[in-house]
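So you can see what is in the structure, the chains are spelled out below.
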Amino acid sequence: MIALTQATESLPALDTRLALFANGYFPVLARGKVSDVTGWRTPVKSEQEIIELTGANPAYANTGLLCGSLVAVDIDAPDAEAAEDLLALAESLPGYQQALKRIGKAPKICLFFRTAEARKKRSTNVYMVRGAKCQIEVMGDGQQVLGFGIHPDTGKPYEWLGASPLDTLFSDLPEIDADAIDQFIAQAEAYLAATGEATKKKAAPRAPSSSGSTFWQQVNSAALANADAWILDLFPTAAKEAGTGAWRVTSAALGRALQEDISIHADGIQDFGLEQPETPISLVEKYGGAPSVKEAALWLCERLGRDPAEFGWQVRKPVEIRFSAPTTPPVAANDDAPDNDDANEDYEVISEGAGTGLSEHLCFPPGAVGEFSQFIVDCARFPSPHLALVSALALTAGLIGRRYKGPTKLRPNIYAVGLAESGFGKDSTIRTSAAIADSTDIGAKVSQSIFMDKIRSMPGIATKLRKSPSAVAVVDEFGSFLKTITGDNISEGKDEIRSALMELTGAAQGGYWGGMEKAGGNIPRIVQPCFSIHGISTPSTFWDALGSGNISEGLLGRLILIDVGNAEPVKVMEPKGDPDNVPCDLSQHVKNLLGATGNGRHTHGPFYALAASSEVAPYPMITAEWEGRSVHRMFEEFDDEVRGRKKKVDPKYRPILNRVAENAGRLALIAAVGCDYKQPIITMQLQEWANAVAENALNVIMAGASENIADNMLQREYMRIRNMVTRTRKVGITHSRILRNVGGSIQNRRIDDILINLRKAKEVHLATWVAPSGQSQVRYWAARQMPKDATILSPWTE
C-alpha cells in the first residue's frame, strides 16, 4: 500500500491508478467528471491494461473509483445545515467511523463502504432546501465516483479526510448491506421532505403509516391544524390576529435585524423576513433549541397531546427538547439468564456515548456569544463550532466580568473545557479570541487585562486577580494540568490550586477570596473576583487525569465539558474570516461588554471593566431578569428534574447533579448580556439553550467517567477492551481486529481474560450471526447492540 501524504495530490495519474488497483479497487479514467473511455464500466483486469489505457488517453487526468462491490454514499447537499444534518443521519450506518470520506466541493461529502451484494443506484428525490438542490445518492453497479485529480468546479484537488483508498485495502472497508442503505435513504428522504420542497413528485421510499404520508408530514399537518397548542410555548410573544386567525411572530422578538414577521396559519407558514416557507418542525428546530428534526417533531407531538405512534412513529416515549436523562438499556432478548448479584443496585446505566458531540446548532446562541463563535469558525482552516463556543463563552465571561449577575445571584464566571482530538484547530480558537478582544481602539490592553496564559500556582492566580479582578485562564492541554492537581500524591501547592478553583466559583457571589495565609505567603483579599477558564484537552488526556475519587470531590461538576464528538473538522483551504480584520460589529460588542465609552485614550465611566479595582466591590451592578414566570418556572423545573435523578444514579455522581442548574444559570446570564448589555433578559430561548448545553455537559461527564475513569492499570486495560467493543455498535468486532487495535500494548493472554470476564458479566457477547449477504460472522458485540437474531456462544462451555 502507498501511505497517504500531502504529496498524494500531485501523484501522476498512472501511479495513482496502479496503487488503487494494488489495493483492490478498480480505477476509472475521467476527464473532469466524465468517464467515457470505451468499456469503462468493465473492471480493469491487470496493471498492463491500466498502463495502456492511461497512455492512450492522456487528456483523462482525473481518476474515479468503479462502484458495484464498492458503495459510495454521496451527500449531495450544497446547503451547509442540510449537509450537516444528513451526515448526522449517516452516522447510524454500520461502520460509519471506519468509512473513507472524500470531499470534492464542501460541504458535500461522499462516504465509501463495501458490499457483498452489488445493486444499482439508489437515491432520494431532489429537494430545494434554502435555495440549494439537495439529494442523497448511493452509487452502485455501473457507476463511478471521482476520487483523485482536480475538481472541475473548485479547481482544487479532491480531499480525503484521514485515510484514502491509497492506504486502505478494499477488504478493510466497512461492510454495508441493502437494508442499511434503504433505511438511510428513507430517513434522508423524510428529513429532506420536512425541510425542503421536492423539485418533482416521487413516492416516498417507505410510507410509515397506512395514510400514505410520512410521519413528518402528518406531524406538520396536525401542528398547523392546532397551532394554539404549541405556538406560545415556542414563541411567548406571538400574537394572534382576530380576523385571519394567523399567529404573528415579530423579527424583533426573534432577535434579528429584519423588518418582516413570521406568519403561522392553518394553510401554512411563511417567513416574510427571509422570504421562505417554513414548517412547524423547522420552526421548533430553529427557534426552540431542538437538537434534531426528530426531537422537534416529538416535542410537537407532546404539545399536541398526541402519541407519535398515531403518525407512524415506532418509539412511543415522548421526547423533550432538552437532552433526556440516560436510561437503562434493555436486556438482550436471548440473554435470559437472571443476574441476581446486582439485585440491590438499581441505578441507571449510563448509555454508551451519552451526551458526546454537542449538537452543532447549540454552538451558535443568539447575541455576541454566537457571533463570536461564528467568526472563530469562519477564521479556521479546521473549523470546530464546539471549540469556538468554548472560546466565545470564556471571552464573553471575561469581558462582562463581575459587573453582572443573574436572577439567582449567579455571576458569569465559568470553567468551560472543550474535548477534542488533535487536529481540531484549537490554537486557532485561542488566537482568534484574543484578536477579537484586541480589535477595538482600546487595543491590546483588553487581552492583557482579561487573559492569563496558564495556571502555575495559587500566588500566580492571586497576582492576576489582584491586577484584573475579572480574568480568564487559557489552559491548553487542560487534561495535563488537571493531572497535576488531582489524585492522592500531589504536592501541597498543587492541592491548594485545586482548592482555590473550587473556592473561586463561589467568591464572585457577593463575597471575597484571599485574606489569609496560603501557599507559604499572604494571599491578598480580592473582592468578588470573577475567574473563568478556557480549557482544551484531548479526551484521553482528560480522563486519564482522573480517578474514581475525583468524581464526587466537587471540581468535576464545576466544569462545563463540551465534547466535539467523533466527526473530524473539514479543512477549509481559504477561510472567509481573517483574525486581522475583525468585523466592526464584533469590535463594538467588545466595547459594549466592557462598559467602555469614548475612544481608546479617553475611555471612562464607572462601568468600565478595565478600570476595576480588586479592593472595591463592582459598581454599578446589573441584574439579568427572566422574561416572565414561565422562564423562571422552566429553570426551576429543570433544576428539580436533574436533582431528582439522584436516587437513580450511583451515589458518587450525586454531587455533580447539584451543579447542573448552576451551570445553566451562568450560561444563560452570559448569553443574555451578549444579547443586550444594558438590560439583559433571559428569554425562553436562551434558557432552553443554556439548559441543553449544561445537561449535555452532565451527560459527557457521566458517560465519560463510566467508560474511562480507572484507578489502576488493570482496570484501565479492562475499560479499553470494553470500549473497543461497545464503540463498534451494531457492526461488532472480530478478535483479530482487537489484537490489531491493541498493537501489542496488552498481552494477548490478558486480552483473552478480559473478554471472558466481559462475557461473564454480560456486558459483551461473542456470537455468530448470518448477515443479509449470507456471510456467517463470529464477532464480539456489546450486549445491547447485538443483532437480535445472533446466537450467543456461552463462555461457560468453552
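Cut-offs and rules
- Residues numbered from 1 in each chain as written.
- Predicted model: local features only at pLDDT ≥ 70, side-chain atom pairs only at ≥ 80, totals over all residues.
- Heavy atoms only, no water.
- Helix = DSSP H or I, 4+ residues; strand = E, 2+ residues; numbered from the N terminus.
- Buried < 20%, exposed > 50% of the residue type's maximum accessible area, 1.4 Å probe, protein only.
- Contact = heavy atoms within 4.5 Å.
- Areas by Shrake-Rupley, 256 points an atom, 1.4 Å probe, with all protein chains shown as cover.
- Pairing = 2+ DSSP bridges.
- Axes fitted to C-alpha atoms, helices over the stretch in contact; angles between N-to-C directions.
- Parallel < 35°, antiparallel > 145°, perpendicular 65-115°, else oblique.
- Left-handed = near helix turned anticlockwise from the far one by under 90°.
- Nonpolar A, V, L, I, M, F, W, Y, C, P; charged D, E, K, R; others polar.
- Salt bridge = Lys/Arg side-chain N within 4 Å of Asp/Glu carboxyl O.
- pLDDT = per-residue confidence, 0-100.
- Phe/Tyr/Trp six-rings, centres within 6.5 Å; stacked < 30°, edge-to-face > 60°.

Peer 1: Report on the overall build of the protein, specifying residues and quantitative values.
Peer 2: Across its full length, the protein carries 25 helices and 32 strands. Per-residue burial for the protein yields a buried fraction of 52% across its 798 residues. For the protein, the share of sequence-separated contacts (at least 6 apart) that also reach a separation of at least 24 residues comes to 70%. Accessible surface, the protein: about 34,900 Å² in total, of which carbon and sulfur atoms supply 50%.

Peer 1: Could you give me a rundown of the sheet that holds strand 14 (residues 262–265), with the residues and numbers involved?
Peer 2: Across the sheet, which stays open at both edges, the five strands sit in the order 12-13-14-15-16 with antiparallel pairing between neighbours. The sheet is open, and its two edges are formed by strand 12 (239–240) and strand 16 (276–278), each paired on a single side. Two strands pair when backbone bridges link them, and strand 14 and strand 15 (residues 268–271) are joined in this way by four bridges, in the antiparallel orientation. In the strand pairing of strand 15, Ile-264 is matched with Ile-269. Each of strand 14, strand 15 and strand 16 is contacted by helix 7 (residues 280–287), which is oriented at about 95° to strand 16, the strand it contacts most.

Peer 1: Kindly report on the pairing of strand 5 (residues 109–114), identifying the contributing residues and their values.
Peer 2: Among the six residues of strand 5, five are classified as buried, and the element is accordingly described as predominantly covered. In terms of strand pairing, strand 3 (residues 70–76) meets strand 5 through six bridges, oriented antiparallel. By the bridge assignment, Leu-70 is partnered in strand 5 with Arg-114. Where strand 4 (residues 100–103) meets strand 5, three bridges bridge the pair, whose relative direction is antiparallel. Looking across to strand 5, one finds that Leu-100 is bridged to Phe-112.

Peer 1: So, the packing of helix 23 (residues 713–726) against helix 25 (residues 748–760): which residues are in play, and what are the values?
Peer 2: One can describe the packing of helix 23 onto helix 25 by two numbers: an axis separation of 10 Å at closest approach and a directional angle of 70°. It follows that helix 23 is roughly perpendicular to helix 25 by the angle criterion. Crossing angle aside, the handedness with which helix 23 passes helix 25 is right-handed. On the side of helix 23, the interface is formed by Leu-714, Glu-717, Tyr-718, Ile-721 and Arg-722, while helix 25 contributes Arg-750, Ile-751, Ile-754, Leu-755, Asn-757 and Leu-758. Residue composition of the contact of helix 23 with helix 25, grouped by class: seven nonpolar, one polar and three charged.

Peer 1: Lay out the sheet that holds strand 20 (residues 470–476) in plain terms, naming residues and giving numbers.
Peer 2: Strand pairing in a sheet relies on backbone hydrogen bonds. The paired strands run either parallel or antiparallel. With parallel pairing, five strands are arranged side by side in an open sheet as 19-20-25-18-26. Of all the strands in the sheet, the pair left with one neighbour each is strand 19 (451–452) and strand 26 (559–563). Where strand 19 lies against strand 20, two bridges are found, and the strand directions are parallel. In the strand pairing of strand 20, Met-452 is matched with Ala-473. Relative to strand 25 (residues 530–537), helix 11 (residues 426–437) is tilted by about 150°, and along the sheet it contacts strand 19, strand 20 and strand 25. The strands that helix 14 (residues 478–485) touches are strand 18 (415–419), strand 20, strand 25 and strand 26; relative to strand 25, the one it contacts most, it runs at about 115°.

Peer 1: Go over the pattern of salt bridges, please, and point to the residues and values.
Peer 2: In total, this model carries 25 salt bridges according to the counting rule given. Among the ionic pairs, Lys-426 bridges to Asp-476, the shortest N-O distance being 3.4 Å. Residue Lys-426 is found in helix 11, and its partner Asp-476 is found in strand 20; the two are separated by 50 residues along the sequence. The network of salt bridges with shared partners includes Asp-79, Glu-81 and Arg-130.

Peer 1: Describe the confidence of the model for the protein, naming the residues involved and giving the relevant values.
Peer 2: Across the protein, pLDDT averages 81, with 85% of residues at or above 70. When the criterion is pLDDT under 50, residues 201–212 qualifies, and its contacts beyond four places in sequence or with other chains add up to 21 contacts.

Peer 1: Explain the packing of aromatic side chains to me, using residue names and the numbers behind them.
Peer 2: In this structure the tally under the stated criterion is nine aromatic pairs. Note on Phe-112 and Trp-160: the rings are 5.3 Å apart at their centroids and 45° apart in plane angle, and the pair reads as tilted. Of this pair, Phe-112 sits in strand 5 while Trp-160 is found in strand 10 (residues 159–160), placing the two residues 48 residues apart along the sequence. Judged by relative accessible area, Phe-112 falls into the buried class, the value being 1%.

Peer 1: Which residues make up the environment of Asp-585, and what values go with them?
Peer 2: Relative to the helices and strands, Asp-585 is located in helix 18 (residues 584–594). Asp-585 gets classed as partly exposed once you look at its relative accessible area, which sits at 45%. Remark: the alpha-carbon pair of Asp-585 and Glu-371, spanning 214 residues in sequence, is separated by 9.3 Å.

Peer 1: Go over unusual backbone geometry, please, and point to the residues and values.
Peer 2: Along the chain, Ala-106 connects to Pro-107 via a cis peptide bond; the corresponding omega equals 10°. Mapped onto the secondary structure, Pro-107 falls in the loop between strand 4 and strand 5. Positive phi is not limited to glycine here, since Glu-477 has a value of about 55°. You can see Glu-477 is positioned in the loop between strand 20 and helix 14.

Peer 1: Lay out the environment of Asn-663 with the relevant residues and their values.
Peer 2: Residue position: Asn-663 is located in helix 21 (residues 660–675). Taking relative accessible area as the criterion, Asn-663 reaches 7% and is therefore assigned buried. Taking the C-alpha atoms as reference points, Asn-663 and Ala-690, separated by 27 residues in sequence, lie 8.1 Å from one another. Look past the residues within four positions of Asn-663 in its chain and what remains in contact with it is Gly-557, Arg-558, Leu-559, Ile-560 and Ala-694.

Peer 1: Can you break down helix 5 (residues 215–225) residue by residue, with the values?
Peer 2: Most of helix 5 is tucked away, with eight of its eleven residues classed as buried. Along helix 5, the residues that are buried comprise Phe-215, Trp-216, Gln-218, Val-219, Asn-220, Ala-222, Ala-223 and Leu-224. Residues of helix 5 that are buried in the fold lie against helix 4 (178–195), strand 14, strand 15, helix 7 and helix 8 (293–304).

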